[in-house]
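Chain and residue survey
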Amino acid sequence: MASGSVSSALKPYTPPPQTSENLDWADLEGLDISLLDQPGGIEVLAEQVLKFINTNGFFYVTNHGLTNDQINRQYAIADAFFELPLEEKMRYLSNTAAGDFRGYKPRSTGELSSRDNDERYNIPKFTKEHERPHPQLIKDYYEEIKEFSLHIHNKILLPLLRLFAYVLEVDSETLVQRHRYEENGLEYLRYMKYHPRSAEEDAKAGNIWAKGHTDYNTLTFLFHQPVAGLQVLQNPDDSSSWQYVKSEPEAIIVNIADALEYLSGGFLKSTVHRVVRPPADQAEKPRLSLIYFARPEAAVRMEPLQSPLLQRLGIQVPEHYLKALEGVTAEEWARARIAKDHRFRTGIVNQPEREILAGVPQRYYD
């Protein structure tokens, strides 16, 4: 990737070591997306998807075309960003009250710190719609960040959408045409940092850093981050079935989110996950994360595709949800989710609000 004359200003980033504790790790499938370029590869991957998709919406993607050096460069930028003075970062505050995550979100303080102990900087798609001010640090590496983001969209997201279209037995471009990069829609790269807390502080919050939830987009891509804490709920009917998700250096962790669940009629299920206090040998380390959120275009409606597979199996989304979501767009769903989160995080309400739109809930699992 292009680095420019400012590259020497970045401190090199080295991922922290994996925990030495023997944790209960989830057994996740790995999809080698390089197979999609080979004869018969899509059939092999589709068979894998059909085997695991109803038990776990988390999976690994390998041979994705990004090197560890490229990923660590993005972590280096993220690390440098969070070292900026708070006053500088606050100049780029996101309007989460209006359901807009673009820009900076600080962590909460005081009594609200148990609800929200992370800070984030969200960089949206590199289109005219999202032209906006950024800190000089981000502008210095703007082309590099753009190249990284476009690789995720074009070389990882779109091939996966074609694979899922094949699984759903619809035209290969059906989902791709709902995720065109140049069209309006809030897809973004996130730099994120959880700050360590004392054992006493964490205990007050039940050792939960992020409550069990589903994401509201299409697919979420989590890059190598060895500080353990991410967990997946293997069985939504069993609140004790949490397992740790291990981050492997050569793989991207991917989870299915709400938009894809609704578009697939509930066949591809939005993954329930949370973040908990890291194990003892990592508890004092900050948890730096690099995440990409793929979303449908803003105007895409949250309704199931016309799919032969769904016709045979039946729509698995409750009928009253579908009725309530009639006419709701991906942008409206996402903004509602973000705004509800803002209300709880900032103390406007004291409990997470379960209804998002017209009776359709956000599910919490803690």
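Further up the page is the structure itself.
In this report, we go over the structure that sits alongside the text. All residue numbers here refer to positions counted from 1 along the written sequence of the relevant chain. Where local features are concerned, this predicted model is filtered to residues with pLDDT of at least 70; where side-chain atom pairs are given and counted, the filter is 80 or more; whole-chain, interface and lining totals use all residues. Derived side-chain values reflect all non-hydrogen atoms in the structure, with water molecules and hydrogen atoms excluded from consideration.

As for helix α10 (residues 330-345)
- Segments assigned H or I by DSSP are reported as helices when at least four residues long, segments assigned E as strands when at least two residues long, and all are numbered from the N terminus. Residue count minus one, scaled by 1.5 Å, sets the expected span of a helix. In this model α10 runs 22 Å from its N-terminal to its C-terminal C-alpha over 16 residues, within 8% of the 22 Å that 1.5 Å per residue would give.
- Partly exposed describes any residue whose relative accessible area lies between the buried limit of under 20% and the exposed limit of over 50%, with all areas from a 1.4 Å probe on protein chains only and scaled to the type maximum. What α10 keeps buried is the set A330, W333, A334, A336, R337, I338, A339, H342, F344 and R345.
- Once α10 finishes, G347 follows within two positions and takes phi at roughly 85 degrees, a positive value.

Observations concerning the sheet that holds strand β5 (residues 188-194)
- Read from one edge to the other, the open sheet built from eight strands follows the order β1-β2-β10-β7-β12-β5-β4-β3, with strand pairing classed as mixed. The outermost strands of the open sheet, each flanked by one partner alone, are β1 (30-32) and β3 (103-105). Neighbour-to-neighbour, the strand axes of this sheet turn through a mean angle of 25 degrees, independent of strand direction.
- Across four bridges, strand β2 (residues 58-62) lies against strand β10 (residues 252-256) in antiparallel orientation. Between any two strands, pairing holds if DSSP finds at least two bridges. The angle between two axes is taken between their N-to-C directions and runs from 0 to 180 degrees, where each axis is a line fitted to C-alpha atoms and a helix contributes only its stretch in contact.

Considering the side chain of T329
- Tracing the backbone through its elements, the reader meets T329 in the loop between α9 (319-325) and α10.
- Setting aside residues up to four positions removed in sequence, T329 forms contacts with A298, A299, V300, R301 and M302. Residue contacts follow a heavy-atom distance rule, with two residues in contact if any of their heavy atoms lie within 4.5 Å.

Some thoughts on the packing of aromatic side chains
- By convention, a stacked pair of Phe, Tyr or Trp rings (six-membered ring in the case of Trp) has centres within 6.5 Å and planes under 30 degrees apart, an edge-to-face pair has planes over 60 apart, and any other such pair is tilted. Applying the stated criterion across every chain yields a total of 14 aromatic pairs.
- Each ring, one from F81 and one from F82, has its centre 5.2 Å from the other, and the planes form 75 degrees; the classification is edge-to-face. As far as burial versus exposure is concerned, F81 and F82 are alike and both buried.
- Counting every residue linked through ring pairs, the aromatic cluster contains F81, F82, Y104 and Y121.
- Put simply, a charge is over a ring when the Lys NZ or the Arg CZ is close to the ring centre, within 6 Å, and near the line of the ring normal, within 35 degrees. The lysine or arginine in question, K125, covers the ring of Y181, its NZ or CZ lying 5.4 Å from the ring centre.
- Its end group placed over the ring of F101, R190 keeps NZ or CZ at 4.8 Å from the ring centre.

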